[in-house]
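This is what each chain is made of:
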Amino acid sequence: RVTLLELIMAKVSENPVTSEEMNVFMRHADFLAGCFQENREAVLKLTSAAGAEDEEALVTIRLLDVLCEMTSNNGQLEHLQALPGFLETAIDTLRLTHLAGKQAVNIFTATHAMTGQEEISHPAVGFKSHLIRLIGNLCYKNKENQDKV
């Protein structure tokens, strides 16, 4: 599933896309957003060392990457902005990961002293920043969503 999402990511990132491809992306956007909404809590398993290889969590992280890329395209953005509950799910997921990082030292804990010599290769690195990107994209030029945030 991760490999399939990486292929979708590569295709979504291509410019320009035909109108036929855009229609396919919009149909898939509903499905991908629904999968993210259903499986988002799997990422919280990554707070433990044992969860670092959890496939559901890895799929959810890749789903978020694809959705961020989709919301970077105006045609797909408007479609995803209108999905019921999608913005709320993203905000709630950000809140949960932030709380998980405050409760114990784990991959979601804020780091204030990166020295550049240590490289973190954990799959969840950047998850919160991607959530913030998604939330920002969903609020872009959309007063209703801005008011929700």
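Residues numbered from 1 in each chain as written. Predicted model: local features only at pLDDT ≥ 70, side-chain atom pairs only at ≥ 80, totals over all residues. Heavy atoms only, no water.

Draft legend 1. Structural view of the packing of helix 1 (residues 2-13) against helix 3 (residues 55-70). At a closest axis distance of 9 Å, the pairing of helix 1 and helix 3 adopts a crossing angle of 10°. Taken together, helix 1 and helix 3 sit at an angle that is classed as roughly parallel. On the side of helix 1, the interface is formed by Val2, Leu5, Glu6, Ile8, Met9, Val12 and Ser13, while helix 3 contributes Leu58, Val59, Arg62, Leu63, Asp65, Val66, Glu69 and Met70. Class assignment of the residues belonging to the contact of helix 1 with helix 3 gives a composition of 10 nonpolar, one polar and four charged. (Axes fitted to C-alpha atoms, helices over the stretch in contact; angles between N-to-C directions. Helix = DSSP H or I, 4+ residues; strand = E, 2+ residues; numbered from the N terminus. Parallel < 35°, antiparallel > 145°, perpendicular 65-115°, else oblique. Contact = heavy atoms within 4.5 Å. Nonpolar A, V, L, I, M, F, W, Y, C, P; charged D, E, K, R; others polar.)

Draft legend 2. Structural context of the nonpolar core. Phe36, Leu67, Met70, Leu80, Phe86, Phe127 and Leu134 are the most contacted members of the largest nonpolar core, which has 35 residues in total. Counting residues per element, the ones that place at least two in this core are helix 1, helix 2 (19-39), helix 3, helix 5 (86-103) and helix 6 (127-139). Sort the elements by how many residues they give to this core and helix 3 lands first, with nine residues. For methionine 70, the contacting residues outside a window of four places in its chain are Val12, Phe25, Ala29, Leu32, Gln76, Leu77 and Leu80. (Core = buried A, V, L, I, M, F, W, Y, C linked by side-chain atoms within 4.5 Å. Buried < 20%, exposed > 50% of the residue type's maximum accessible area, 1.4 Å probe, protein only.)

Draft legend 3. Broad picture of helix 5. With 18 residues, helix 5 extends 26 Å from end C-alpha to end C-alpha; this agrees with the ideal 26 Å at 1.5 Å per step. Residues of helix 5 that are buried sit in contact with helix 2, helix 3, helix 4 (74-81), helix 6 and helix 7 (143-148). (Expected span 1.5 Å × (residues − 1).)

Draft legend 4. Just helix 3, in detail. With 16 residues, helix 3 should cover 22 Å at 1.5 Å per step; its first-to-last C-alpha distance of 22 Å lies within 8% of that length. The inward-facing, buried residues of helix 3 contact helix 1, helix 2, helix 4, helix 5 and helix 6.

Draft legend 5. Broad picture of the confidence of the model for the protein. Averaged over every residue, the pLDDT of the protein is 83; residues scoring 70 or more account for 88%. Ranking the helices and strands of the protein by mean pLDDT puts helix 6 first, with 92, and helix 4 last, with 83. (pLDDT = per-residue confidence, 0-100.)

Draft legend 6. Region of interest: the side chain of asparagine 145. Within the secondary structure layout, asparagine 145 lies in helix 7. When neighbours within four sequence positions are excluded, asparagine 145 is seen to be in contact with Gln81, Leu87, Leu138 and Cys139.

Draft legend 7. The arrangement of the pattern of salt bridges in detail. Tallied over the full model, the rule gives 12 salt bridges. Here arginine 40 and glutamate 41 are joined by a salt bridge, their closest N and O atoms 3.8 Å apart. Residue class for arginine 40 comes out buried when judged on its relative accessible area of 14%. The residue aspartate 92 makes a salt bridge to arginine 95 at a minimum N-O spacing of 3.7 Å. Of this pair, aspartate 92 and arginine 95 are both found in helix 5, three residues apart, which corresponds to roughly one turn of the helix. Here aspartate 92 falls in the partly exposed class, since its relative accessible area comes to 25%. (Salt bridge = Lys/Arg side-chain N within 4 Å of Asp/Glu carboxyl O.)

Draft legend 8. Local environment of the packing of helix 2 against helix 5. Between helix 2 and helix 5, the shortest axis-to-axis distance is 10 Å and the interhelical angle comes to 35°. Once helix 2 is placed against helix 5, the crossing between them reads as left-handed. On helix 5, the residues touching Ala33, Phe36 and Gln37 of helix 2 are Phe86, Thr89 and Thr93. Residue classes in the contact of helix 2 with helix 5 are distributed as three nonpolar, three polar and no charged. (Left-handed = near helix turned anticlockwise from the far one by under 90°.)

Draft legend 9. How the structure looks around the environment of glutamine 76. Along the chain, glutamine 76 turns up in helix 4. Along the backbone, glutamine 76 and alanine 29 are 47 residues apart, and their C-alpha atoms lie at a distance of 7.7 Å. Setting aside residues up to four positions removed in sequence, glutamine 76 forms contacts with Val12, Met22, Phe25, Met26 and Met70.

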